[in-house]
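Chain by chain, the residues run as shown.
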Amino acid sequence: MVKTQRARQERHAPALPVSDKADPYFSRAVGKALQALDRLSETTEALTLADLTAKLELTKASTFRILYTLETLGYISKTPDSRYLLAGPRQPQAPARLVNYMIQIGAAPLERLGMEYRETVSMAAIFDNRIEVVAIVESPQLIRMGNTVGRILPPHASSLGKAITSFQSTDTRDRLLKTYGTLPLTAHTIADEIALRQEFAKIQKLGHAEDWQESTLGGCCFAAPVMRPNGTAAGAVSLSMPQMRFKGPEQKKEIIAAVRNTAKTIQDQLFEG
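On a predicted model such as this, the values are computed, not experimentally measured, just so you know.

### Observations regarding the state of the cysteines
Two cysteines whose sulfur atoms are joined by a covalent bond form what is called a disulfide. The final tally for this structure, using the stated rule, is zero disulfides. Unpaired in this structure, C220 has its nearest cysteine sulfur neighbour in C221, at a distance of 7.7 Å. Here C220 falls in the buried class, since its relative accessible area comes to 1%.

### Things to note about the packing of aromatic side chains
Counting across every chain of the model gives four aromatic pairs. Between W212 and F222, the aromatic rings sit 5.5 Å apart at their centres with planes inclined by 80°, giving edge-to-face as the arrangement. A residue pair is termed long-range when its members are at least 10 positions apart, and W212 in strand 6 (residues 209–212) and F222 in strand 7 (residues 219–227) qualify at ten residues. Looking at W212, the relative accessible area reads 25%, which means it is partly exposed.

### Examining the packing of helix 6 (residues 159–166) against helix 8 (residues 193–206)
Two measures define how a pair of helices packs: the angle their axes make with one another and the distance between the axes. Relative to each other, helix 6 and helix 8 sit at 80°, their axes nearing to 9 Å. Classified by the interaxial angle, the pair formed by helix 6 and helix 8 is roughly perpendicular. Contacts between helix 6 and helix 8 involve K162, A163, T165 and S166 from the first element and E199, F200, I203 and Q204 from the second. The class makeup of the residues in the contact of helix 6 with helix 8 is three nonpolar, three polar and two charged.

### Some remarks on the confidence of the model for the protein chain
Summary statistics for the protein chain give a mean pLDDT of 87 and a share of 89% for residues scoring 70 or more. For residues 6–20, every residue scores under 50 in pLDDT, and the model assigns this stretch 26 contacts once sequence neighbours within four places are set aside.

### What to know about the side chain of S139
By the element assignment, S139 lies in the loop between strand 5 (131–137) and helix 6. With a relative accessible area of 3%, S139 lands in the buried category. A distance of 2.8 Å separates a polar side-chain atom of S139 from the backbone oxygen of R118. With near-sequence residues (within four places) excluded, S139 lies in contact with R118, E119, T120, R144 and R245.

### Here we look at the nonpolar core
Grouped together as the largest cluster of nonpolar side chains are 32 residues, with contacts concentrated most on L110, L113, M123, V237, L239 and I266. Of all the elements in the fold, those that place two or more residues in this core are helix 5 (96–117), strand 4 (120–126), strand 5, strand 7, strand 8 (233–242) and helix 9 (249–270). Counting residues per element, this core draws most heavily on helix 5, which supplies eight residues. Not counting chain neighbours up to four residues away, the residues in contact with I266 comprise M102, I105, G106, P109, L110, M123, V226 and V237. Of all hydrophobic cores here, the second largest spans 17 residues; its members include I126, A209, M227 and A236.

### Thoughts on the environment of E272
Note on placement: E272 falls in the segment after helix 9. E272 sits 43 residues away from P229 along the chain, and the two C-alpha atoms are 9.5 Å apart.

### Topic: the pairing of strand 5
Counting buried residues in strand 5 gives seven out of seven residues, a clear majority hidden from the surface. Inspection of the sheet shows strand 4 paired to strand 5 by six bridges, in the antiparallel sense. Looking at the pairing, S122 lines up with I136 of strand 5.

Cut-offs used in this document
- Residues numbered from 1 in each chain as written.
- Predicted model: local features only at pLDDT ≥ 70, side-chain atom pairs only at ≥ 80, totals over all residues.
- Heavy atoms only, no water.
- Disulfide = S-S within 2.5 Å.
- Buried < 20%, exposed > 50% of the residue type's maximum accessible area, 1.4 Å probe, protein only.
- Phe/Tyr/Trp six-rings, centres within 6.5 Å; stacked < 30°, edge-to-face > 60°.
- Helix = DSSP H or I, 4+ residues; strand = E, 2+ residues; numbered from the N terminus.
- Axes fitted to C-alpha atoms, helices over the stretch in contact; angles between N-to-C directions.
- Parallel < 35°, antiparallel > 145°, perpendicular 65-115°, else oblique.
- Contact = heavy atoms within 4.5 Å.
- Nonpolar A, V, L, I, M, F, W, Y, C, P; charged D, E, K, R; others polar.
- pLDDT = per-residue confidence, 0-100.
- Polar contact = N/O pair within 3.5 Å; in protein donor to acceptor, adjacent residues only side chain to side chain.
- Core = buried A, V, L, I, M, F, W, Y, C linked by side-chain atoms within 4.5 Å.
- Pairing = 2+ DSSP bridges.

Below, the structure written as structure tokens:
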């Protein structure tokens, strides 16, 4: 069974919007305003009124009123050429609604991956200054690699942390590393700044991250990022196992392909359209 952070997230944010036809109490205008913020959070580029009108499926007049209200309240700002972007200090890394949605659509793919390999499968998301585990499918085997929903992950050691940190802007990457620190967790942890930059570059090139006893002795872990349309990672999926059950290069290749496929399945549903 997938263990998730959904209950805690739902205390801070509403569930995904439902149709106003299905719920007479649902405010379509508020829902569209939140969708606009979500769209702006998915890209580092400023969007035009026409871009947002198409994405929100509204008239230009309705979209403009929503954007004007958000700008007046300080949630978004407008560039000199009349494009819109999130106000800097308010820009989230992973809005609560996005994390809830990631958990919701990720449940089935994570279960399938866990059942196929009978090893622990986890999903993490990036928040403002941390990377946190949001869902787990535990291995049914007696000897296994464990994880905990809500656990803050090392951005320089765990495969999930490295998979997410590698695909961030330089500023975000530096903030994550500064917040957590880069102290060695085991004798295998990459703590040297130059070596760490090389590791992140390697992960960017390969499209996945590995952890060979870097965060926990006796364990290995493989992770792939869940990418936003703007090329940064919103989260990542991993499969972890005791090294005693690792069978070699062919198994590694198979697991990495499966983990990447699971992450891509979640990514495609999360950012479709």
